[in-house]
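Summary of structural features
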Amino acid sequence: MNDALALPVGTTLDRFIMRKQEDFPFASGELSQLLRDIALAAKIVSREISRADQDTVGTIGTQNVQGEDQQKLDVIANIRFIRALRNGGEVCTIVSEEDEDLIHTGNANAKYIVAMDPLDGSSNIDVNIPVGTIFGIYRRLTDGGQDGTLEDCLQKGTQQVAAGYILYGASTMLVYTTGCGVNGFTYEPSLGEFFLSHPDIKIPDKGRQYSCNEANVSNFPLGIQNYLAFCREQKYSSRYIGSLVADFHRNLLKGGIYFYPASDKNKTGKLRLLYECNPLAFIAEQAGGQATDGIERILDKTPVALHERCPLVIGSSEMIEKVRKYMTL
Ligand code: P6P
């Protein structure tokens, strides 16, 4: 028989997770199961987004803890991820952008904490721009048998055991790391599976595109303004669609830099440390890039509040170094 006629469908996420678990001789399978639970929620949210209609698009008239209008799909995605993590049994407590307080799953003996933005950039949904889910996973510090605590959740980004994002775009992709490199999986709805499509992702050391909201430039720190002027002199391209996961993903694959600095409007930046900056910083570093607040490494920052914000400069290593130089001139 001519094998070439039947191309292999590739490695499923499930098989990949199992193979990677074999690399950890003492792994008990709980983190593997947690990653599967996240993938299940991602499939469900992907379906909700792809069939978004007048029943699920638009706002619901409430605001989240950030004071942002909640989109119907923000709430739907939040419910779907919380339900999947609760039913999966591996997570004791969740930090979500959509909830002011900690969410306790009732799995008091579970050893993991998840910090997540269930649907970042959701205001873009009704204009059909890609949106994303961002998650970071931590091992609890407190003993089992009780709900997770604030101490369990306010850990440095260096303490993450895994982090990832789901990009709901032309195709749905899951990109994650457990500290041994970054791998990307593309969802095949007809088979209900994520397949390995981007093994061992490495971000180019430099790129020729930058992502920021230039409307705020006059309020940016002087170092950032000077770096932007440098980008223009180098004839770089500006690529910014107002959806962090989509902008980050493009820069991860092609090389580039995304920044959301502090400004008069956002004194400490707009993006949240726990469930936006830390997970993407872990991925960026595992792919050979960097993530700072302009100067300090994001993963070294000690969180003091669940929803604290911080400036973010993330992407290709050489570009981040250039920003750091401008910021310290
Ligand atoms: P601005 C979406 O609300 C978000 O958190 C990121 O996804 C995006 O990069 C940024 O904010 C856009 O913010 O102020 O440029 O509209």
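Look a little higher up for the structure.
Let me sum up the structure you'll find in this document. Chains are numbered independently. Their residues run from 1 in the order of the written sequence. Local features in this predicted model are restricted to residues of pLDDT 70 or higher, and side-chain atom pairs are both shown and tallied only at a pLDDT of 80 or more, whereas totals for entire chains, interfaces and linings draw on every residue. Think of the side-chain values as coming from all heavy atoms in the structure, minus any hydrogens and water.

All right, on to helix H6 (residues 244-254) then. With eight of 11 residues buried, H6 is to be regarded as a mostly interior element. Along H6, the residues that are buried comprise Leu244, Val245, Ala246, Asp247, Phe248, His249, Asn251 and Leu252. Taken from the residues just after H6, glycine 255 is the one with a positive phi, measuring 90°. Per-residue accessibility, obtained with a 1.4 Å probe over protein chains only, is compared with the maximum for each type, and a residue is labelled buried under 20%, exposed over 50%, and partly exposed between these values. Helix and strand assignments follow DSSP, with helices taken as H or I runs no shorter than four residues and strands as E runs no shorter than two, numbered in order from the N terminus.

This brings us to the site of the ligand. Near is defined per residue: the residue qualifies when any heavy atom it owns lies within 4 Å of the molecule or strand. With respect to spatial proximity, the complete set of residues near the ligand consists of Asp120, Gly121, Asn213, Tyr240, Gly242, Ser243, Leu244, Tyr258, Tyr260, Lys270 and Leu271. The side chain of tyrosine 240 places a nitrogen or oxygen atom 2.6 Å from an oxygen atom of the ligand. The definition of a polar contact used here is a pair of N or O atoms within 3.5 Å, where within protein one atom must be able to donate a hydrogen and the other to accept one, and adjacent residues in sequence count solely through side-chain atom pairs. Here an oxygen atom of the ligand and a side-chain polar atom of tyrosine 258 are 2.7 Å apart. Each accessible area value is a Shrake-Rupley result obtained with a 1.4 Å probe; residue values ignore everything except the protein chains displayed when judging cover. Out of a free accessible area of 400 Å², the ligand has 83% covered by protein chains. Tallied by class, residues from the shell around the ligand come to five nonpolar, four polar and two charged. Just so you know the grouping, Ala, Val, Leu, Ile, Met, Phe, Trp, Tyr, Cys and Pro go in nonpolar, Asp, Glu, Lys and Arg go in charged, and all remaining residues, Gly too, go in polar.

Moving on: the nonpolar core. The set of buried Ala, Val, Leu, Ile, Met, Phe, Trp, Tyr and Cys residues whose side-chain atoms join them within 4.5 Å is what this entry labels a nonpolar core. Counting residues in each nonpolar core, the largest one holds 38 residues, and the members touching the most others are Leu34, Leu119, Phe135, Ile137 and Tyr168. Setting aside anything within four residues of it in sequence, one finds phenylalanine 135 in contact with Ile38, Val114, Ala115, Met116, Ala163, Gly164, Tyr165, Ile166, Leu174, Tyr176 and Pro279. In this structure, Val182, Tyr258, Ala281 and Ala291 belong to the second largest nonpolar core, which totals 31 residues. Only heavy atoms enter the contact rule, under which two residues are in contact if any of them lie within 4.5 Å.

Before going further, it helps to examine the sheet that holds strand S12 (residues 237-238). Pairing is mixed across the open sheet formed by five strands, whose spatial order is S12-S11-S13-S15-S14. Each having just a single partner strand, S12 and strand S14 (290-292) make up the two edges of the open sheet. Pairing between two strands requires that DSSP report at least two bridges joining them. As paired elements, strand S11 (residues 209-211) and strand S13 (residues 257-260) share two bridges and run parallel to each other. Bridge pairing links serine 211 to tyrosine 258 in S13. Contacting S11, S13 and strand S15 (312-315), helix H5 (residues 222-233) crosses the sheet at an angle of about 150° to S13. Axes, fitted as lines to C-alpha atoms, cover a helix only where it is in contact. Angles between the N-to-C directions of the axes lie from 0 to 180 degrees. Lying over the sheet, H6 contacts S11, S13 and S15, oriented at roughly 160° with respect to S11.

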